[in-house]
Amino acid sequence: MSDAKTSNQMWGGRFAAGPAAVMEAINASIGFDRKLYAQDIRGSLAHAEMLAETGIISKADQEKIAHGLNTILKEIEDGRFVFSTKLEDIHMNVEARLAELIGPAAGRLHTARSRNDQVAVDFRLWVKDELLRVADVLKGLMGVLLARAEEHAATVMPGFTHLQTAQPVTFGHHCMAYVEMFSRDLSRVRDALERMDESPLGAAALAGTGFPIDRHRTAAALGFREPTRNSLDSVSDRDFALEFLAIAAICATHLSRLAEEIVIWSTPQFAFVRLSDSFSTGSSIMPQKKNPDAAELVRAKTGRVNGHLIGLLTVMKGLPLTYSKDMQEDKEAVFDTAETLDLMLAAMTGMMGDLTVNAAAMKKAAGSGYATATDLADWLVRTLGLPFREAHHVTGRAVALAERNGVALDRLPLADLQAIHPGITADVFSVLTVQKSVNSRKSLGGTAPAEVKRQIRYWKKRLAKA
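Residues numbered from 1 in each chain as written. Predicted model: local features only at pLDDT ≥ 70, side-chain atom pairs only at ≥ 80, totals over all residues. Heavy atoms only, no water.

Draft legend 1. Fine view of the state of the cysteines. Scanning all chains against the criterion turns up 0 disulfides. A disulfide-free cysteine, C175 has its sulfur positioned 16 Å from the sulfur of C251, the nearest such atom. Looking at C175, the relative accessible area reads 3%, which means it is buried. (Disulfide = S-S within 2.5 Å. Buried < 20%, exposed > 50% of the residue type's maximum accessible area, 1.4 Å probe, protein only.)

Pasting the structure below:
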């Protein structure tokens, strides 16, 4: 057996050509960073224009470069561009094609920049674009939740702690809790956009450049507030990618919590909601089943998003300044997270928009588990002046009696309640029904329908300005 054949077998399988094939495969990023083509061309157009305006290249060369780049952009968008793994990444693929189109002038485009600052600006632009889109989608989901909250501001349901019936609330109030959660996600998006609004273009490989470039001009041309202020940090910073992943992970967690509730609520045991056929499936063997598959998949995909965040944190944690090839691993995590989060948000918006609410089942469940016990304790404190701990003890005895008799608290005879505490009067029954309990929670942010409607008005105004 020849040495060449032995070597090929050692590398084996897909990499039978040997070390060169392995290196090409592990080094190339064009399989995924081609997503940056629009940002790459946008950055190059701004860079070339600045080079011409500062006299570093001629206007004629800049015009050739601009024409060639716009030609490449159209080729990619029309599906006619041929990507090559031998050219490693999107930058080299575009640059090689530009040379084919316009000749030597293409070589002047890379003056006063490096692939290090080039990829940093491309990726930052891509993440900025994605965050702006996420903001719009989040506002859409919040709008749907506001609409359901308004529809069900007075629809009584049980509120839970430890998944045990705690106190009556309304479904509208429950929906508004998620409006608050997703508003914080939207706020994090806005904060991240503010922090990443700096252009690294012009930092070059790591130390800046000796050419008289105008970084403020390219920053403005690309829609950034200003250029970054340290060339070392400029090419090695991936905080914007980590922050995107962190925002996505927190948002996915909120989506997963709501998905879990939809899964629980749609069971026959709860029967609080019914999903449309668009967001559920049947069983292959049990014809009675209607499975909340969309909600379950939203819940599951949260693990995928969380994994990408931990993955990139791990990649970045040991890197010395400045650029290392490890950072090539940043993009697949962000790209996949963006697609996953988009799908999760779309699915949740659809589910919440067309699920059917079973108000009767919710109301019935709201009265179970002695949910108005806290109202009795509060009445004892407010009306009789009992210390809360004593009121809690009296209420516990009343609940135990109701359990023994198999009745709700508001069905206990007054005489039985007075046997527990003689100060109790018939007025106590004014707080022991589920509806009266809900209506009494008028404090700011409470579940009283009037307060829920007030919060809906507040969020409608705020969302319109967001």
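Draft legend 2. Highlighting the side chain of Q118. By the secondary structure assignment, Q118 is in helix α7 (residues 115-151). Filtering out sequence-adjacent residues up to four positions away, Q118 remains in contact with D40, S44, H91, H110 and R113. (Helix = DSSP H or I, 4+ residues; strand = E, 2+ residues; numbered from the N terminus. Contact = heavy atoms within 4.5 Å.)

Draft legend 3. Focus on a nonpolar patch on the surface. On the surface, L206, L232 and L321 cluster together into a nonpolar patch covering about 270 Å² of accessible area. Here L206 is to be found in the loop between β3 (198-199) and α9 (215-221). Looking at L206, the relative accessible area reads 37%, which means it is partly exposed. (Patch = residues over 30% accessible without salt bridge, like charges linked within 9 Å, V, L, I, M, F, W, Y side chains within 5 Å. Areas by Shrake-Rupley, 256 points an atom, 1.4 Å probe, with all protein chains shown as cover. Salt bridge = Lys/Arg side-chain N within 4 Å of Asp/Glu carboxyl O.)

Draft legend 4. Main features of the packing of α7 against helix α8 (residues 171-195). The N-to-C vectors of α7 and α8 enclose an angle of 165 degrees; their axes lie 9 Å apart at closest approach. By the angle between their axes, α7 is roughly antiparallel relative to α8. Considering only the axes of α7 and α8, their crossing is left-handed. Here the residues of the contact of α7 with α8 sort into 19 nonpolar, 2 polar and 5 charged. (Axes fitted to C-alpha atoms, helices over the stretch in contact; angles between N-to-C directions. Parallel < 35°, antiparallel > 145°, perpendicular 65-115°, else oblique. Left-handed = near helix turned anticlockwise from the far one by under 90°. Nonpolar A, V, L, I, M, F, W, Y, C, P; charged D, E, K, R; others polar.)

Draft legend 5. Examining the pattern of salt bridges more closely. On inspection of all chains with the given rule, the structure shows 31 salt bridges. For the salt bridge of D89 with R115, the shortest nitrogen-to-oxygen distance reads 2.7 Å. Taken together, the positions of D89 in the loop between α5 (59-77) and α6 (90-102) and R115 in helix α7 put the pair 26 residues apart, joining distant regions of the chain. Via salt bridges that share partners, E194, E198, R225, E226 and R229 belong to a single interconnected network.

Draft legend 6. Representation of the nonpolar core. Ranked by internal contacts, the top residues of the largest apolar core, which has 99 residues, are L255, M348, M351 and M352. Here this core takes 16 residues from helix α11 (residues 239-265), the largest share from any one element. In this structure L255 touches L141, F182, V298, L341, M344, L345 and M348, once residues within four positions along its chain are discounted. Core analysis: the next-biggest nonpolar cluster, separate from the first, contains 20 residues, A377, W379, L386 and L412 among them. (Core = buried A, V, L, I, M, F, W, Y, C linked by side-chain atoms within 4.5 Å.)

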